[in-house]
Amino acid sequence: MNESLHALSGAYVVDALDDIERAMFEKHLPGCLDCQREVASLREATALMADDAAVTPPESLRDSVLAGIKSIRPLAPEAAGPPSPGEEVAGKPEDGSMDHVVVPLRRRGFHLGRLVAAAAAVAAIVGGAVYQPWQGEQNPPSATLGPADQVIAASDAQHYSINFKDGSSASVVRSPSEGKAVLLTRDMAPPPSGKAFELWLRTKDGVMKPAGMMKSGGDHKLLLQGDAVTATGVGITIEPESGSTTPSSAPIAMFELGKADA
Amino acid sequence: MTPISPDSADSPPEGLYSLPPDAGGLAELLKLSGRGDEAAFAQLYDATSARAYGLAVRVVRDPSQAEEVAQEAFLEVWRTAGRFDPRKGSADSWILTLVHRKAVDRVRSAEASTRRDTTYHQGSQAVEHDSTAEAAHASMEARRVRQALHSLTEVQRQALELAYFKGYTHTEVASMLDLPVGTAKTRIRDGLIRLRDTMGVGQ
Ligand SMILES: [Zn+2]
């Protein structure tokens, strides 16, 4: 690729590039495995130089840091790397203020904690809004985001959401460019025993096509099977655990696609 | 030199720091911090703050500004700890990279002229040889690093130090060392590669 860009790796690692060179190099990095390896190994060498600089900090630093973290919520881990089974996200987000959210997301009077957290995580990679020594450069989004996260990260992602009376919520994110849609749920009540949630994509002819099963309540992030581009709606019904080929009951939720929130 | 094991119920006795945990220990502490574990984060702070603060002092020079830089960096470490991926590098270098970037941003945004005037008075700011285990450990390591730095050519070492400890761009380094424009970045890279290979880090 570009010879002169490779040569910037050392200067990059010691932050000796000007802003323009840095931006160019960070653009180059996700696509260049050699530079990624070199940057990682040179960073270890660089860190050693700091041994020589070690000075005991004032006690006030410790106090202010440990006091400061109490008002900052750690970001949820990225769903990077190979997609985990079902792309479920571990852990449960606490409610709280979300800083640094740069993905446009309209909230309809409820808190989309999980979706917002996921979107923020993605935004950190895609927008480079959050400086991450390891992320964004060694994790080219297209290579390491799971398919569901790629839909959420897509620049043309459309958001649709439904708020249930019991405080739970569900959202559909559809990306025409990815050709897929993702269902996100938050605090869903479990299905009745012996039953499961089945997800459907409604074709433009009004036919409901099976798009996946969700066997439990709680928080989920599921990539829907099927063509989401031409679908006119996403439905959730309660079905036998083995699933049905056509809905056996009226949907408990129906997302009308085409009138996006955001 | 027992690595701090966050899972074990017995923490080190009050007032006695264990030596810095090995890389795995720090990585584990980062992981726990990412889940909101404040006690793990305090351990992580104790194991890395001397290097983080010392690095900030080297670069920004003013101790109170260095304290601000280190504080910002640690808060960022806390906020983004869950994003750390141990497969891609050590916890130390991840943290120090954040500190260094913030320190360099600070000196670059401060008026450059002030810093230029005082460039060569470095090093004398109250570098007390202190008692924490981290600092003691770091100073043993530092001896090895200094030796390794001496295996570099003079120009490589100077270029590397001006960039890393003083926050100069490679273009500035070139003019300070009377190198043709564009060659300082090569010296920096060559120097880092030799340092890496001499110290046997980075796989
Ligand atoms: Zn490259």
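These numbers were taken from a predicted model, which means no experiment stands behind them.

This paragraph deals with the overall build of chain B. Scanning chain B from N- to C-terminus turns up nine helices and zero strands. Secondary structure elements of chain B occur, N-terminal to C-terminal, as α-α-α-α-α-α-α-α-α. Here chain B, with 203 residues, has 47% of them falling under the buried criterion. For chain B, contacts bridging at least 24 residues in sequence account for 63% of all contacts bridging at least 6.

Now for the overall build of chain A. A count of helical and extended segments in chain A gives eight helices and eight strands. Considering chain A as a whole, with its 262 residues, one finds that 44% of them fall into the buried category.

Low pLDDT marks stretches whose predicted atomic positions should not be read closely. Residues and elements named next belong to chain B. In the predicted model, chain B carries a mean pLDDT of 82, and 74% of its residues have values of at least 70. The element-level mean pLDDT for chain B is lowest in helix H5 (residues 112–117), coming to 50, with helix H3 (residues 63–80) highest at 97. Long-range and interchain partners of residues 1–21, a stretch whose pLDDT sits below 50, account for 29 contacts in this model, where long-range means more than four residues apart. Long-range and interchain partners of residues 115–129, a stretch whose pLDDT sits below 50, account for seven contacts in this model, where long-range means more than four residues apart. Scoring of the predicted complex yields 0.56 for pTM and 0.80 for ipTM.

Take the packing of helix H4 (residues 33–49) of chain A against helix H4 (residues 91–109) of chain B next. The interhelical angle for the contact between H4 of chain A and H4 of chain B, taken along N-to-C directions, is 75 degrees, at an axis separation of 9 Å. Comparing their axes, H4 of chain B and H4 of chain A come out roughly perpendicular. For the pair H4 of chain A and H4 of chain B, contact is made by Arg-43, Glu-44, Thr-46 and Ala-47 of chain A and by Asp-92, Ser-93, Leu-96 and Thr-97 of chain B, respectively. Taken together, the residues of the contact of H4 of chain A with H4 of chain B sort by class into two nonpolar, three polar and three charged.

This part is about unusual backbone geometry. Residue and element names in this part refer to chain B. Phi is positive for Arg-61, which is not a glycine, with a value near 75 degrees. Of note, Arg-61 is situated in the loop between helix H2 (38–60) and H3. When the 23 C-beta atoms within 10 Å are taken as the criterion, Arg-61 is described as buried. With a phi angle near 55 degrees, Asp-178 is a residue other than glycine that sits in the positive phi range.

All names here are of chain A. One open sheet accounts for four strands, arranged S5-S4-S7-S8; its pairing is antiparallel. The sheet terminates laterally at strand S5 (208–214) and strand S8 (253–256), the two strands that pair on one side only. Taking each pair of neighbouring strands and ignoring which way they run, the sheet shows an average axis angle of 25 degrees.

Here we come to H4 of chain A. Between its first and last C-alpha, H4 of chain A extends 25 Å over 17 residues, near the 24 Å set by a 1.5 Å rise per residue. Most of H4 of chain A sits out of view: 13 of its 17 residues are buried.

Here we take up the nonpolar core. Residue and element names in this part refer to chain B. Counting 78 residues, the largest nonpolar core has Ala-52, Ala-56, Ala-70, Val-99 and Ala-163 as its most contacted members. No other element matches H2, which puts 13 residues into this core. Here Ala-52 is in contact with Ala-70, Ala-73, Phe-74, Ile-95, Leu-96 and Val-99, once residues within four sequence places are set aside.

A separate point is the packing of helix H5 (residues 59–68) of chain A against H3 of chain B. Two numbers describe how H5 of chain A lies on H3 of chain B: the axes approach to 10 Å, and their chain directions differ by 30 degrees. Taken together, the axis directions place H5 of chain A and H3 of chain B in an arrangement best described as roughly parallel. As for how H5 of chain A packs across H3 of chain B, the hand of that crossing is right-handed. Side by side, H5 of chain A and H3 of chain B meet where Leu-61, Ser-64, Val-65 and Gly-68 of chain A of the first sit next to Glu-67, Ala-70, Gln-71, Phe-74 and Leu-75 of chain B of the second.

This next bit is on the interface of chain B and chain A. Contacts between the two partners involve 71 residues from chain B and, on the opposite side, 51 residues from chain A. Those elements that provide at least two residues to the side of chain B that touches chain A are helix H1 (23–34), H2, H3, H4, helix H6 (133–150), helix H7 (154–166), helix H8 (170–176) and helix H9 (184–199) of chain B. It is H2 of chain B that contributes the most residues to the side of chain B that touches chain A, twelve residues altogether. Residues belonging to the side of chain B that touches chain A are distributed by class as follows: 32 nonpolar, 21 polar and 18 charged.

Residue and element names in this part refer to chain A. In this structure, strand S4 (residues 195–202) lies alongside S5, joined through six bridges in antiparallel fashion. Looking at the pairing, Arg-202 lines up with Met-208 of S5. Hairpin connection, S4 to S5: the antiparallel pair is bridged by five residues, and Gly-206 has positive phi, about 85 degrees.

Cut-offs applied
- Residues numbered from 1 in each chain as written.
- Chains lettered and ligands numbered in written order.
- Predicted model: local features only at pLDDT ≥ 70, side-chain atom pairs only at ≥ 80, totals over all residues.
- Helix = DSSP H or I, 4+ residues; strand = E, 2+ residues; numbered from the N terminus.
- Buried ≥ 20, exposed ≤ 12 C-beta atoms within 10 Å, placed from the backbone.
- Contact = placed C-beta atoms within 7 Å.
- pLDDT = per-residue confidence, 0-100.
- Axes fitted to C-alpha atoms, helices over the stretch in contact; angles between N-to-C directions.
- Parallel < 35°, antiparallel > 145°, perpendicular 65-115°, else oblique.
- Nonpolar A, V, L, I, M, F, W, Y, C, P; charged D, E, K, R; others polar.
- Pairing = 2+ DSSP bridges.
- Expected span 1.5 Å × (residues − 1).
- Core = buried A, V, L, I, M, F, W, Y, C linked by C-beta atoms within 7 Å.
- Left-handed = near helix turned anticlockwise from the far one by under 90°.

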